[in-house]
Amino acid sequence: MVEIDRALSLARDWLNHSVAADGCWPSQRVPGPPDDPIGPGIDERTPFVAAVGLLALEGLADPDQTEIAVLIDRSRGYLVRAMRAPGIWAYLDGFVPDCDDTACASMALSGAHPWIAFGHNRGLGLAARVPDGRFRTWMAGPRADLDIDAVVNANMIGWLGDAGDCRTAADFVIAACTGSGRGALIFYDHPIDLAQAVVRACRRGAGTLRPALRDVSRMAAQVLEDDEASPLRLAQALDVADALGTLPLPVRDRAVALLVREVVAHGYCRSDTIYLGITPPAPPGCHYRSDALATALALGALVRARKRGIGI
């Protein structure tokens, strides 16, 4: 257990110091597409990364992880300050509020704010649909038919639950999971992003997405068995595989060992693309990375592995 304990300590300390004192999680906008960046990263402050980071830390704030509990409280405070009435979020100041930020932040805050606890924002969420019933990405503005992303729809279902209004969106997400998922991904770069969003929704009781879980498990297995998979993708796939419990422990433990090696070598988990900057139908003009988010996902995988007694 010595190596995994060391990696846990390194990841926890690095993440605690990386997240700003006000609870904002660091991320970078990198000009150019993921496979051909054309410049250095530009620091950004966005509630979206804080929200997804909090979701990555869910269930980790037990009595042995007091630093994580403090980090969670700090991050929730940032989300509350970034919120617009009656409980919606935009990616940056001056942007139109969007479904992905609002869904992920609402799930991350849960009952920690009365607007979310009493569902004051749910009507705006349910109204953010195109005529066929799927959720758009931006809550207002043109081009809604070009901005429909399966991950965004899965996140909306995770937030809103199994309301009858979500049936078409659920069918869209399930269909996206039957193939590589890429055809329905607009703002996301990898099928494991979709798999993770589906599992997150199912953990919250979204039974309408359960038919996708067999394909989701397959998507996670493909990443965990890929010798070229990046640390971020391994951490995401472990989040999926550990939630489902359908993949053999040796497959999962191999990925944990790689994450331990990554964190011990660098002190944190390196990120690659977490989402894309794109205005359809144009190709991505930039992409985004967050070592903090990658480290939070790795930390979750390491804590779960430690609890099941992996011998590293």
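Summary of the structure given here.

What counts as what
- Residues numbered from 1 in each chain as written.
- Predicted model: local features only at pLDDT ≥ 70, side-chain atom pairs only at ≥ 80, totals over all residues.
- Heavy atoms only, no water.
- 1 Å grid on protein atoms, 1.4 Å probe; cavity = no way out; pocket = protein on both sides within 12 Å on 5 of 7 lines; lining within 4 Å.
- Points joined across faces, edges and corners; volume = space filled by probe spheres on them.
- Helix = DSSP H or I, 4+ residues; strand = E, 2+ residues; numbered from the N terminus.
- Nonpolar A, V, L, I, M, F, W, Y, C, P; charged D, E, K, R; others polar.
- Salt bridge = Lys/Arg side-chain N within 4 Å of Asp/Glu carboxyl O.
- Buried < 20%, exposed > 50% of the residue type's maximum accessible area, 1.4 Å probe, protein only.
- Pairing = 2+ DSSP bridges.
- Axes fitted to C-alpha atoms, helices over the stretch in contact; angles between N-to-C directions.
- Contact = heavy atoms within 4.5 Å.

**A closer look at empty space enclosed by the protein**
Enumeration over the complete set of coordinates arrives at two cavities of 30 Å³ or more. Each pocket or cavity is described by its volume, and for the largest cavity that value is around 210 Å³. Lining the largest cavity are 22 residues, and of these V52, Q196, R200, Q236 and L293 sit closest to its centre. Those elements that provide at least two residues to the lining of the largest cavity are α2 (47-56), α7 (150-160), α9 (191-203), α11 (231-244) and α13 (291-308). It is α9 that contributes the most residues to the lining of the largest cavity, five residues altogether. Looking at side-chain class alone, the lining of the largest cavity contains 13 nonpolar, four polar and five charged residues. One number sums up the size of the second largest cavity: a volume of about 30 Å³. For the second largest cavity, the full set of lining residues is R12, L15, N16, E67, I68, L71 and L299. Counting residues per element, the ones that place at least two in the lining of the second largest cavity are α1 (2-18) and α3 (66-82).

**Some details on the pattern of salt bridges**
Scanning the entire structure with this criterion turns up 18 salt bridges. Residue E67 is joined to R12 by a salt bridge in which the shortest nitrogen-to-oxygen separation is 3.5 Å. Of this pair, E67 sits in helix α3 while R12 sits in helix α1, placing them 55 residues apart in sequence. Overall, E67 belongs to the partly exposed group, its relative accessible area being 33%. With a closest N to O distance of 2.5 Å, D227 and R254 form a salt bridge. Of the two residues, D227 is situated in the loop between α10 (213-224) and α11 and R254 in helix α12 (residues 249-266); the sequence distance between them amounts to 27 residues. Residue class for R254 comes out partly exposed when judged on its relative accessible area of 33%. Connected via shared salt-bridge partners are D242, R252, D253, R304 and R308.

**Observations regarding the sheet that holds strand β2 (residues 42-45)**
Strand order in the open sheet made by the four strands is β2-β1-β4-β3, with antiparallel pairing throughout. Unpaired on one side and paired on the other, β2 and β3 (275-277) mark the two borders of the sheet. The sheet shows a mean angle of 35° between the axes of neighbouring strands, direction not considered. Where strand β1 (residues 26-31) lies against β2, four bridges are found, and the strand directions are antiparallel. Its bridge partner lying in β2, R29 is registered against I42.

**Topic: the environment of W115**
Among the secondary structure elements, W115 is positioned in helix α5 (residues 114-117). With a relative accessible area of 30%, W115 lands in the partly exposed category. As for W115 and G87, which are separated by 28 residues in sequence, their C-alpha atoms are 5.9 Å apart. Ignoring any residue separated from it by four or fewer positions in sequence, one finds W115 in contact with M83, R84, A85, P86, G87, H120 and N121.

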